[in-house]
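Here's the letter readout for the chains.
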Amino acid sequence: MVNTPTAAPPRPYDPEAAFENTIARDQRIEPRDWMPDAYRATLVRQIAQHAHSEIIGMQPEGEWITRAPSLRRKAILFAKVQDEAGHGLYLYSAAETLGADRTELTERLIDGGQKYSSIFNYPTRTFADVGVIGWFVDGAAICNQVPLCRTSYGPYGRAMVRVCKEESFHQRQGYELLLTMMRGTDEQRAMVQDAVDRWWWPSLMMFGPPDDDSPNSARSMAWRIKRHSNDQLRQRFVDMTVPQAEKLGVTLPDPDLRWNDGRGHHDFSAPDWEELKRVVSGDGPCNAERIARRRAAHEEGAWVRRAAAAHADKRKARLREGAAA
Ligand SMILES: CC(C)(COP(=O)(O)OP(=O)(O)OC[C@H]1O[C@@H](n2cnc3c(N)ncnc32)[C@H](O)[C@@H]1OP(=O)(O)O)[C@@H](O)C(=O)NCCC(=O)NCCSC(=O)Cc1ccccc1
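Residues numbered from 1 in each chain as written. Predicted model: local features only at pLDDT ≥ 70, side-chain atom pairs only at ≥ 80, totals over all residues. Heavy atoms only, no water.

- Labelled according to an unreviewed UniProt entry, the protein appears under the name 1,2-phenylacetyl-CoA epoxidase subunit PaaA, originating from Streptomyces xiangluensis.

Structure (structure tokens):
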């Protein structure tokens, strides 16, 4: 008699185990995959905040489009601000793949129910601010977003690939603008230093609260949504920026900023975390102005959304008629 091996009975499909395995293998979760509710909610929160930041982030630099000092600078700035709009739209699309509704997200932003990056609540006082935003703010965005290209949620990671390419161009245009100003007059050099002094600390705050005060980090890192902690990315930004500041000829406004041979990194002072809390909770220099402008744009755009929906309905009806004929 021949012994035939008996096949093990098929194990019932366990979606939670499949999710955990996908994360453990460092593979991507896709929109139709099962995912825990809290994973979905965390992603909607982060992606929506990120999208809102890109859209609100058009305002500080956008104010300088009509006042750019040359046609070349105007064209570059126009393109950059348009890119930010595009980033916001990719990100809202990524949030929609999780079941979020774009209009609802915008309404939550306007009502103060969702956040956007603290950095966009500071005023742009001179054209040097446009250069420093490109250098610091896009530089910080790159440090934060390059690792997000490998985030565990597929649509978010793929959106980040293109966004990061465009942010790199933005950073270079900012730095090139500042190099040009530094080769100019004493007044221009003073404008650059003044902008550096005003934007340095808010830029460090972009990375979020320190790790021991970051309620979302542990879970987001376990799920590989975030790949590095807030403090790790802040350190990376400081290490990247110090030699660029030396080359440019500006001083970063931190007397304790110095290279630490033992750590192989720069030591630097902590930003004012109370200021971050105030700005995030709505009490920054420009919060009210930014939201009022966003609300007005949303209301003034209502007829465009209605017209686009009516056009889409007509097209659908025509296609149906064509199919029926
Ligand atoms: C790192 C962090 C921002 C925060 O880490 P998490 O693990 O999520 O949170 P954590 O527990 O550490 O914090 C507790 C609470 O505090 C909130 N909060 C923290 N920091 C800030 C802040 N600075 N501002 C406001 N809120 C902040 C945080 O959301 C959380 O809120 P909750 O109440 O729980 O909802 C993360 O969400 C991330 O990487 N996001 C994606 C990147 C992204 O959104 N980039 C935007 C810039 S895009 C750009 O610049 C491009 C551009 C350039 C030039 C011109 C125009 C455009």
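### Considering the overall build of the protein
Thought 1: Check the secondary structure of the protein and you find 13 helices and two strands.
Thought 2: C-alpha atoms of the protein, sized along the principal axes, occupy 95 × 65 × 35 Å.
Thought 3: Among the 325 residues that make up the protein, the fraction classed as buried is 46%.
Thought 4: By sequence separation, contacts in the protein at least 24 residues apart represent 78% of the contacts at least 6 residues apart.
Thought 5: Carbon together with sulfur atoms contributes 55% to the accessible area of the protein, which is approximately 17,400 Å² in total.
Thought 6: Both charge centroids of the protein, one from 45 positive and one from 45 negative side chains, sit 6 Å from each other. (Helix = DSSP H or I, 4+ residues; strand = E, 2+ residues; numbered from the N terminus. Buried < 20%, exposed > 50% of the residue type's maximum accessible area, 1.4 Å probe, protein only. Contact = heavy atoms within 4.5 Å. Areas by Shrake-Rupley, 256 points an atom, 1.4 Å probe, with all protein chains shown as cover. Lys, Arg positive; Asp, Glu negative; His and termini not counted. Charge placed at Lys NZ, Arg CZ, Asp CG, Glu CD.)

### What about helix 12 (residues 287–300)?
Thought 1: Across its 14 residues, helix 12 extends 20 Å between first and last C-alpha, which sits within 8% of the 20 Å expected from 1.5 Å per residue.
Thought 2: Buried residues in helix 12 make contact with helix 2 (37–56), helix 3 (58–62), helix 5 (102–110), helix 11 (273–280) and helix 13 (302–324). (Expected span 1.5 Å × (residues − 1).)

### A word on the packing of aromatic side chains
Thought 1: By the definition in use, this model includes 11 aromatic pairs.
Thought 2: Ring geometry for F207 against F237: centres 5.6 Å apart, planes inclined by 45°, an arrangement best described as tilted. Of this pair, F207 sits in the loop between helix 8 (186–205) and helix 9 (217–222) while F237 sits in helix 10 (residues 230–248), and the two are 30 residues apart along the sequence.
Thought 3: Its relative accessible area of 6% is what places F207 among the buried residues.
Thought 4: Through a chain of ring-to-ring contacts, three or more aromatic side chains come together here, namely W135, F136, Y175, W200, F207 and F237.
Thought 5: The ring of W64 carries R67 above its face, with NZ or CZ at 3.9 Å from the centroid. (Phe/Tyr/Trp six-rings, centres within 6.5 Å; stacked < 30°, edge-to-face > 60°. Lys NZ or Arg CZ within 6 Å of the ring centre and 35° of its normal.)

### Re the state of the cysteines
Thought 1: Applying the stated rule across the entire model yields zero disulfides.
Thought 2: C164 provides the cysteine sulfur closest to C143, a residue in no disulfide bond, and the two sulfurs are 10 Å apart. (Disulfide = S-S within 2.5 Å.)

### A short note on the site of the ligand
Thought 1: The immediate surroundings of the ligand are formed by 35 residues, with Q49, K115, S214, K226 and N230 found nearest.
Thought 2: Within the contact set of the ligand, a nitrogen atom lies 3.5 Å away from a backbone nitrogen or oxygen of M206.
Thought 3: Between an oxygen atom of the ligand and a side-chain N or O atom of K226, the distance comes to 2.7 Å.
Thought 4: Burial of the ligand by the surrounding chains reaches 90%, relative to a free accessible area of 1,100 Å².
Thought 5: Taken together, the elements giving at least two residues each to the shell around the ligand come down to helix 2, helix 4 (71–96), helix 6 (127–145) and helix 7 (154–182).
Thought 6: Ranked by residue count, the leading element in the shell around the ligand is helix 2, at six residues.
Thought 7: Its residues assigned to classes, the shell around the ligand comprises 12 nonpolar, 14 polar and nine charged. (Near = heavy atom within 4 Å. Polar contact = N/O pair within 3.5 Å; in protein donor to acceptor, adjacent residues only side chain to side chain. Nonpolar A, V, L, I, M, F, W, Y, C, P; charged D, E, K, R; others polar.)

### Some thoughts on the side chain of Q173
Thought 1: Structurally, the position occupied by Q173 is in helix 7.
Thought 2: In contact with Q173, not counting residues within four places along its chain, are R73, I76, K80 and G134.

### Regarding helix 10
Counting along an α-helix, one turn takes 3.6 residues, and residues three or four places apart therefore face a common direction.
Thought 1: An ideal rise of 1.5 Å per residue puts 27 Å on 19 residues; helix 10 measures up with 27 Å between its terminal C-alpha atoms.
Thought 2: In the structure, helix 10 departs most strongly from a straight axis at T241, where the bend amounts to approximately 25° and where the proline P243 lies between one and four residues downstream.
Thought 3: Along helix 10, the residues classified as buried are N230, L233, R234, Q235, F237, V238, D239, T241, V242, A245 and L248.
Thought 4: Residues of helix 10 that are buried in the fold lie against helix 6, helix 7, helix 8, helix 9, strand 2 (265–267) and helix 11. (Bend = angle between axes of the 7 residues up to and from the residue.)

### Concerning the pattern of salt bridges
Thought 1: Under the criterion given, the structure shown has 18 salt bridges.
Thought 2: Between R290 and E63 there is a salt bridge, and its shortest N-O distance comes to 3.2 Å. Here R290, found in helix 12, pairs with E63, found in the loop between helix 3 and helix 4; they are 227 residues apart in sequence, far enough to count as distant.
Thought 3: The buried category is assigned to R290, whose relative accessible area is 0%. (Salt bridge = Lys/Arg side-chain N within 4 Å of Asp/Glu carboxyl O.)

### Some remarks on unusual backbone geometry
Thought 1: Phi angles above zero are rare outside glycine, and D26 is one such case at about 65°.
Thought 2: Assignment of secondary structure puts D26 in the loop between helix 1 (15–24) and helix 2.
Thought 3: Of note, R224 is a non-glycine position whose phi angle comes to about 60°, a positive value.
Thought 4: Considering the arrangement of structural elements, one finds R224 in the loop between helix 9 and helix 10.

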